[in-house]
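Now for the letters of each chain:
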Protein chains: 2
Amino acid sequence: MQYLIPLDTLTAALSRLPGIGRRTAERMAMALVQDQKGLMRILANALLEADENMVTCEQCGSITLTTKNPCDLCTRPRRDAHMLCVVESPADIIKIEESGGFHGRYHALMGRLSPMNGVGAVDLRVDKLLQRIADEKIAEVIITLGTDVESDATAVYLREILSTRSVKVSRIAFGLPAGSAVEYTDAATLSRAIKGRRTIDE
Amino acid sequence: MQYLIPLDTLTAALSRLPGIGRRTAERMAMALVQDQKGLMRILANALLEADENMVTCEQCGSITLTTKNPCDLCTRPRRDAHMLCVVESPADIIKIEESGGFHGRYHALMGRLSPMNGVGAVDLRVDKLLQRIADEKIAEVIITLGTDVESDATAVYLREILSTRSVKVSRIAFGLPAGSAVEYTDAATLSRAIKGRRTIDE
């Protein structure tokens, strides 16, 4: 209804969230306005608090507290300072940390090469990556990107520009996910798993 | 990551939105924290503004501005003051207004009878409904509820308690939706459409 401007404003703001269409935003806005438990204020405060207290680490690009920049991941002495895990986004860093499979440093590119969407190498944090490799005496760069076309293009690009540096460059393995059976694995995954096979005594 | 308390708080608040699970809330929180266009502040302000300026109309239960209570729908003289459309929620009122199919007054029950979920008649705005029917000299109550079991139970309950009042009670029609073909209509809809048939010269 046109005269309910605050409701329309709220719906418009909610529809800017990822994966939220107009209909879902409308439903959310109505639920928020009807909520009796102060959810609007709770959510508003959580947003303001996050906005005030969280920043992107100037070193690795992960999400960190304003009071910890560079972040814990960049400064903790117990982490391997010569291994650098290159990821697309801060969300990836959280996922990898949760997996417990890596104990080095991180570097978020803040995107992937995507000429279709106007994302070129200058839009990624590549200069910063080269500078860190030199400054921090990085021994190995682990390209931790996905398997889509844009990730592959980004990996190829990184491998090329890093080929002139004295640094080992690796990419994470692609193959069968944990707990899966060959019978139910799709062709592309199986094909990459076979291509990426390793000798057992390695 | 445990040390990112503001991020966790934001994720928890987002996951309280309807239809938003933990994973989606996490993705939203990450997108918000990484957003470069100030979306967190925009959304927070929209929430605070809605929280401050919108209330439930004390008369009909629709969403209205704090400065307009009772709301426009309850006070506009051009609307038919003797027709009362009884709905479940304020969201229904917005839908009906958008349809342009009704020009009377509204009354939101704020729920449906649902013994399974502990919602009884006392939890709905039934007393207020009875009071309004008397005070406002309502001639017809149009029960505008859906077709599920709880809506049916609520409709039956309303018809019974209104049977002693001098007011006409009707319920909206159930049948084929606009633009549909008999061939593709489900059995329950078709059955209700046949049961609710009307003579053509009516």
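Residues numbered from 1 in each chain as written. Chains lettered and ligands numbered in written order. Predicted model: local features only at pLDDT ≥ 70, side-chain atom pairs only at ≥ 80, totals over all residues. Heavy atoms only, no water.

### Digging into the interface of chain B and chain A
Reasoning step 1: Each partner contributes residues to the interface: chain B has 50 residues there, and chain A has 49 residues.
Reasoning step 2: At the boundary of chain B and chain A, one finds two salt bridges.
Reasoning step 3: Between Asp51(A) and Arg41(B) there is a salt bridge whose closest N-O contact spans 2.8 Å.
Reasoning step 4: In this structure, the connection of chain B to chain A is made through two residue pairs in polar contact (both at pLDDT 80 or more).
Reasoning step 5: Elements with a minimum of two residues in the side of chain B that touches chain A: helix 1 (5-14), helix 2 (22-34), helix 3 (39-53), strand 2 (63-65), helix 4 (72-75) and helix 5 (90-99) of chain B.
Reasoning step 6: Counting residues per element, the side of chain B that touches chain A draws most heavily on helix 3 of chain B, which supplies 14 residues. (Contact = heavy atoms within 4.5 Å. Salt bridge = Lys/Arg side-chain N within 4 Å of Asp/Glu carboxyl O. Polar contact = N/O pair within 3.5 Å; in protein donor to acceptor, adjacent residues only side chain to side chain. Helix = DSSP H or I, 4+ residues; strand = E, 2+ residues; numbered from the N terminus.)

### Description of unusual backbone geometry
All names here are of chain A.
Reasoning step 1: Cis peptide bonds are those with omega within 30 degrees of zero, and the linkage from Asn69 to Pro70 qualifies with 5 degrees.
Reasoning step 2: On the secondary structure map, Pro70 appears in the loop between strand 2 (63-65) and helix 4 (72-75).
Reasoning step 3: One non-glycine residue with positive phi stands out, namely Lys137, at about 50 degrees.
Reasoning step 4: Within the secondary structure, Lys137 is located in the loop between helix 6 (126-135) and strand 5 (140-143).

### Focus on the pairing of strand 6 (residues 168-171) of chain B
Residue and element names in this part refer to chain B.
Reasoning step 1: Here strand 5 (residues 140-143) pairs with strand 6 via four bridges, running parallel. Paired with Glu140 across the strands is Lys168, a residue of strand 6.
Reasoning step 2: Running through helix 7 (residues 149-162), the crossover from strand 5 to the neighbouring parallel element strand 6 is right-handed. (Pairing = 2+ DSSP bridges. Right-handed = clockwise from strand over helix to strand, strands pointing away.)

### With respect to the side chain of Glu140(B)
Residue and element names in this part refer to chain B.
Reasoning step 1: With respect to the element layout, Glu140 can be found in strand 5.
Reasoning step 2: Its relative accessible area of 15% is what places Glu140 among the buried residues.
Reasoning step 3: In this structure Glu140 touches His82, Met83, Leu84, Val167, Lys168 and Ser170, once residues within four positions along its chain are discounted. (Buried < 20%, exposed > 50% of the residue type's maximum accessible area, 1.4 Å probe, protein only.)

### Regarding the nonpolar core
Reasoning step 1: Core analysis: the biggest nonpolar cluster contains 50 residues, and Leu10(A), Leu14(A), Leu47(A), Leu10(B), Leu14(B) and Leu47(B) have the highest contact counts within it.
Reasoning step 2: Not counting the four nearest positions on each side in its chain, Leu47(A) is found in contact with Leu10(B), Leu32(B), Met40(B), Leu43(B), Ala44(B) and Leu47(B). (Core = buried A, V, L, I, M, F, W, Y, C linked by side-chain atoms within 4.5 Å.)

### Considering the environment of Arg22(A)
Residue and element names in this part refer to chain A.
Reasoning step 1: Position of Arg22 among the secondary structure elements: in helix 2 (residues 22-34).
Reasoning step 2: Arg22 gets classed as partly exposed once you look at its relative accessible area, which sits at 46%.
Reasoning step 3: For the pair Arg22 and Pro115, spaced 93 residues apart in sequence, the C-alpha separation works out to 29 Å.
Reasoning step 4: Other than its neighbours up to four places away in sequence, Arg22 contacts Thr11 and Ala12.

### Structural notes on the side chain of Ser151(B)
All names here are of chain B.
Reasoning step 1: On the secondary structure map, Ser151 appears in helix 7.
Reasoning step 2: Judged by relative accessible area, Ser151 falls into the buried class, the value being 1%.
Reasoning step 3: Discounting chain neighbours no more than four positions away, the residues touching Ser151 are Arg112, Leu145, Gly146 and Arg171.

### As for the packing of helix 6 (residues 126-135) of chain B against helix 7 of chain B
Residues and elements named next belong to chain B.
Reasoning step 1: Contact pair helix 6 / helix 7: the axes reach a minimum separation of 12 Å and the direction vectors enclose 40 degrees. On the basis of the axis angle, helix 6 is oblique to helix 7. For the crossing formed where helix 6 meets helix 7, the hand is right-handed. Across from Val126, Leu129, Leu130 and Ile133 in helix 6, the residues of helix 7 making contact are Tyr157, Leu158, Ile161 and Leu162. (Axes fitted to C-alpha atoms, helices over the stretch in contact; angles between N-to-C directions. Parallel < 35°, antiparallel > 145°, perpendicular 65-115°, else oblique. Left-handed = near helix turned anticlockwise from the far one by under 90°.)

### Let's talk about helix 2 of chain B
Since one α-helical turn is 3.6 residues long, residues separated by three or four positions face the same way.
Reasoning step 1: Taking 1.5 Å as the rise per residue, helix 2 of chain B with 13 residues should run 18 Å; its terminal C-alpha atoms sit 18 Å apart, in good agreement.
Reasoning step 2: Those residues of helix 2 of chain B that fall on the buried side of the exposure criterion are Ala25(B), Met28(B), Ala29(B), Met30(B), Leu32(B) and Val33(B). (Expected span 1.5 Å × (residues − 1).)

### Examining the domain arrangement of chain A
Reasoning step 1: We note that the domain assignment places domain 1 (2-52), domain 2 (81-174) and domain 3 (175-202) within chain A.
Reasoning step 2: For domain 1 of chain A versus domain 2 of chain A, the distance between C-alpha centres works out to 35 Å. (Domains from an automatic or database assignment.)

### Details of the packing of aromatic side chains
Residues and elements named next belong to chain A.
Reasoning step 1: Under the defined criterion, the tally for this structure stands at two aromatic pairs over all chains.
Reasoning step 2: Pairing Phe102 with Tyr106 gives two aromatic rings, centres 5.3 Å apart and planes at 65 degrees, and the pair type is edge-to-face. You'll find Phe102 and Tyr106 in the same group, each marked buried. (Phe/Tyr/Trp six-rings, centres within 6.5 Å; stacked < 30°, edge-to-face > 60°.)

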